[in-house]
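Below are the chains, spelled out letter by letter.
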Amino acid sequence: MGSAGRRAIVPALLALMAVPSAAAPVAAAPTTVLYRCTAADGAVALQDEPCPRGQKQELREIAAFTPPPAPSAPSLPASDASGDPGAEGAGSPPPQITSGDAPTPPRSVLPPPLWRCTDLNGQSRLADAYDPQPRCVPLSVLGVDLSRAPPSAATLCRTVEDACVELGGEAACAAWEERLADAESALRHAFSDTQAQRRRARDRAKAIVENDCRD
């Protein structure tokens, strides 16, 4: 195929990848296309333009990072904004004080934080640190229609990451309870060569739950 033919196919592929089908499980995001060029001597280069003639070319789509929106400033009640200390509660009865148990004070000892990471299929896992596990998933798996694309498009993929959220405080305690249950199950089903490792994981989770999460 001549250079003119390749220049015509590449824009068509990029336009096809930019418009995912309705069945795609993930929302479209800004992407960057890189060309992976392999020379005859095996040298590999990544660049943002098509490879020179005679080199093997692969296209890689990398999702661009989108920062989260900045939190909005809390709005003050009308009584506070006016600056009049007597305006608050002017038309309402005073609060009723009832007897009962005092609220539970916050924990003085907090467990180590955990991260809960969820993949594209909704499966979640617990991690000790932020670990989105970036990987390149074929476009066909992501629901992109490649029926009109050339056979070489079957090797194209898009980099995706798991969505990870940090858990702290009571949420971390609940996650450590979950990890302890998983560790005990893993220890019961461990082989002889992995029992020591499984036991250490169980003992660590048990110590955190008993010392940091239980009164």
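On a predicted model such as this, the values are computed, not experimentally measured, just so you know.

Undergrad: Help me understand the packing of helix H3 (residues 170-188) against helix H4 (residues 195-212) in this model?
TA: What describes two packed helices is the angle between their axes and the distance between those same axes. Running from N to C, H3 and H4 cross one another at 150°; their axes reach a closest spacing of 9 Å. If you check the angle between H3 and H4, you find them roughly antiparallel. Judged by the twist between their axes, the crossing of H3 over H4 is left-handed. Facing H3, whose interface residues are Cys173, Trp176, Glu177, Arg179, Leu180, Ala183, Glu184, Ala186 and Leu187, H4 presents Gln195, Arg198, Arg199, Ala201, Arg202, Arg204, Ala205, Lys206, Ile208, Val209 and Asp212. Considering only residue class, the contact of H3 with H4 consists of ten nonpolar, one polar and nine charged.

Undergrad: Would you mind showing me how to read H3 here?
TA: Each full turn of the α-helix corresponds to 3.6 residues, which orients residues three or four apart in the same direction. The terminal C-alpha atoms of H3, which comprises 19 residues, lie 27 Å apart, in line with the 27 Å expected from a rise of 1.5 Å per residue. On its buried face, H3 sits against strand E4 (114-118), strand E5 (124-127), strand E8 (163-167) and H4.

Undergrad: How should I be thinking about the nonpolar core in this particular structure?
TA: Soluble globular proteins tend to pack their nonpolar side chains together in the buried interior. Judged by nonpolar contacts, Val33, Tyr35, Cys37, Cys51, Leu59, Leu139, Val144, Leu146, Ala149, Ala153 and Leu156 together constitute the single largest core of eleven residues. Among the elements that make up this core, the one with the highest residue count is strand E1 (residues 31-38) (three residues). In this structure, Leu114, Trp176, Ala205 and Val209 belong to the second largest nonpolar core, which totals nine residues.

Undergrad: I would appreciate a short explanation of the pattern of salt bridges in the present structure.
TA: When their charged atoms lie close together, side chains carrying opposite charge are able to pair. Counted under the stated rule, the structure contains ten salt bridges. The residue Arg36 makes a salt bridge to Glu58 at a minimum N-O spacing of 3.7 Å. In this pair, Arg36 is assigned in strand E1 and Glu58 in strand E3 (residues 56-63), connecting sequence segments 22 residues apart. Accessibility expressed as a relative area gives 26% for Arg36, which makes it partly exposed. The residue Arg214 makes a salt bridge to Glu177 at a minimum N-O spacing of 3.6 Å. Taken together, the residues Arg214 in the segment after H4 and Glu177 in helix H3 connect sequence positions 37 residues apart.

Undergrad: Please clarify how the confidence of the model for the protein chain should be interpreted in this entry.
TA: Keep in mind that low pLDDT regions are not for reading the predicted coordinates in detail. Confidence along the protein chain averages 77 in pLDDT terms, with 64% of residues attaining 70 or more. Mean pLDDT values for the elements of the protein chain range from 48 in helix H1 (residues 3-18) up to 96 in E4. Within the model, pLDDT remains below 50 along residues 18-24, and this stretch shows five contacts once partners closer than five positions in the same chain are excluded.

Conventions we followed
- Residues numbered from 1 in each chain as written.
- Predicted model: local features only at pLDDT ≥ 70, side-chain atom pairs only at ≥ 80, totals over all residues.
- Heavy atoms only, no water.
- Axes fitted to C-alpha atoms, helices over the stretch in contact; angles between N-to-C directions.
- Helix = DSSP H or I, 4+ residues; strand = E, 2+ residues; numbered from the N terminus.
- Parallel < 35°, antiparallel > 145°, perpendicular 65-115°, else oblique.
- Left-handed = near helix turned anticlockwise from the far one by under 90°.
- Contact = heavy atoms within 4.5 Å.
- Nonpolar A, V, L, I, M, F, W, Y, C, P; charged D, E, K, R; others polar.
- Expected span 1.5 Å × (residues − 1).
- Core = buried A, V, L, I, M, F, W, Y, C linked by side-chain atoms within 4.5 Å.
- Buried < 20%, exposed > 50% of the residue type's maximum accessible area, 1.4 Å probe, protein only.
- Salt bridge = Lys/Arg side-chain N within 4 Å of Asp/Glu carboxyl O.
- pLDDT = per-residue confidence, 0-100.

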